[in-house]
Amino acid sequence: MRGAHGRRGDGRVLENTLEAFEVCLESGVWGAEMDIRLTRDGEPVVHHDAHCGRLFNRPDIVVAETRFRDLRQALPQIPHLDEVLQLNAGRMHLMLEIKESWRLRSGLPQPITPWLQSLTPGTDYHLLSLVPDHLEGFKSIPRSAFVDVAEGNTDEILRLNRDLGHGAIAGSFALIGAKRLRHLREEGRKVGTGMVENPYVLNREANRGVDWVFTDNILQLHRALPLQAK
């Protein structure tokens, strides 16, 4: 989740930075999740929170209220989406989480979709959101590449996923049990499970056939994977 971040022997790697994604690439990780927000002038950047307080101690900087050049000058660690795509160059699957509503942010899909034109949806990337309707604005991207993410509202997200015809669902491994997984498989949905932080749960999820496993502990768990699963 958000690249390979956290404490390492040579210091701290911040989430959603080029360094965090470089570590994933160097380690042979299959894919990485990242969060997309738009600056005031409509440039897509990779950052989770609406403001920059948690990571950079700059709560005064709100991404949606800041021009890209000013954001870059103040916090050069926050990458433009294009920088992440250039770094990746088809070497890693991208799970791109949409953080804002196209209904509230006029023209939201347009600044993002041109950067994805050289990629194949579903093969090179998926779009994710905690709010399924956030993905509905992306008319040029097939719904099979949309992933609806559940937190505690799994039943509601499953219903919306079916109603909207989105191709995949993701949620905590504890909330997507065997029965739900079987039904989703029967409906042709792809399934991802998250909150996976130890090798035991990782191996259980792999053995029960989920498509993707999301974790904040990717480097340690990746080393625990059998070679054929990497």
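The preceding data block contains the structure.
Quick look at the structure, then.

Definitions and cut-offs
Residues numbered from 1 in each chain as written. Predicted model: local features only at pLDDT ≥ 70, side-chain atom pairs only at ≥ 80, totals over all residues. Heavy atoms only, no water. Core = buried A, V, L, I, M, F, W, Y, C linked by side-chain atoms within 4.5 Å. Buried < 20%, exposed > 50% of the residue type's maximum accessible area, 1.4 Å probe, protein only. Helix = DSSP H or I, 4+ residues; strand = E, 2+ residues; numbered from the N terminus. Contact = heavy atoms within 4.5 Å. Pairing = 2+ DSSP bridges. Polar contact = N/O pair within 3.5 Å; in protein donor to acceptor, adjacent residues only side chain to side chain. Salt bridge = Lys/Arg side-chain N within 4 Å of Asp/Glu carboxyl O. Axes fitted to C-alpha atoms, helices over the stretch in contact; angles between N-to-C directions. Parallel < 35°, antiparallel > 145°, perpendicular 65-115°, else oblique. Left-handed = near helix turned anticlockwise from the far one by under 90°.

**So, the nonpolar core**
Grouped together as the largest cluster of nonpolar side chains are 32 residues, with contacts concentrated most on Leu96, Ile112, Leu116 and Leu127. For this core, the secondary-structure elements that each account for two or more residues are helix H1 (18-27), strand S3 (31-38), helix H4 (81-88), strand S7 (93-98), strand S8 (125-129) and helix H9 (218-224). When residues no more than four places from it in sequence are discounted, the contact partners of Leu127 are Leu96, Ile98, Leu116, Leu135, Phe138, Ile141, Ala145, Phe146 and Val147. Within the second largest apolar cluster, 11 residues are counted, among which are Leu14, Ile61, Val63 and Leu71.

**So, the sheet that holds strand S11 (residues 190-194)**
Read from one edge to the other, the open sheet built from eight strands follows the order S4-S3-S7-S8-S9-S10-S11-S12, with strand pairing classed as mixed. Each edge of the sheet is formed by a strand with only one pairing partner; in this case those strands are strand S4 (44-46) and strand S12 (212-213). For strand S9 (residues 146-149) and strand S10 (residues 168-172), the ladder comprises three bridges, and the chain directions are parallel. Within S10, the position partnered with Val147 by the bridge is Ala168.

**Side note on the side chain of Glu100**
Tracing the backbone shows Glu100 in the loop between S7 and helix H5 (109-112). Note on Glu100: relative accessible area 14%, which makes it buried. In this structure the side chain of Glu100 is engaged in a polar contact, spanning 3.0 Å, whose partner is the backbone nitrogen of Leu38. Within the structure, the side chain of Glu100 is placed 3.1 Å from the side chain of Arg105, a separation counted as a polar contact. In this structure Glu100 touches Arg37, Leu38, Ala64, Arg105, Leu108 and His134, once residues within four positions along its chain are discounted.

**Observations concerning the pattern of salt bridges**
Tallying each qualifying case throughout the model produces 19 salt bridges. Between Glu83 and Arg72 there is a salt bridge, and its shortest N-O distance comes to 2.8 Å. With Glu83 in helix H4 and Arg72 in helix H3 (residues 68-74), this residue pair connects regions lying 11 residues apart in the sequence. On the basis of relative accessible area, Arg72 is assigned to the partly exposed category, the value being 26%.

**A few points about the packing of H1 against H4**
Between H1 and H4, whose axes approach to 10 Å, the crossing angle comes to 20°. By the criterion of interaxial angle, the relationship of H1 to H4 is roughly parallel. Crossing hand, H1 versus H4: right-handed. Between H1 and H4, the residues in contact are Leu18, Phe21, Glu22 and Leu25 and Glu83, Val84, Leu87 and Asn88, respectively.

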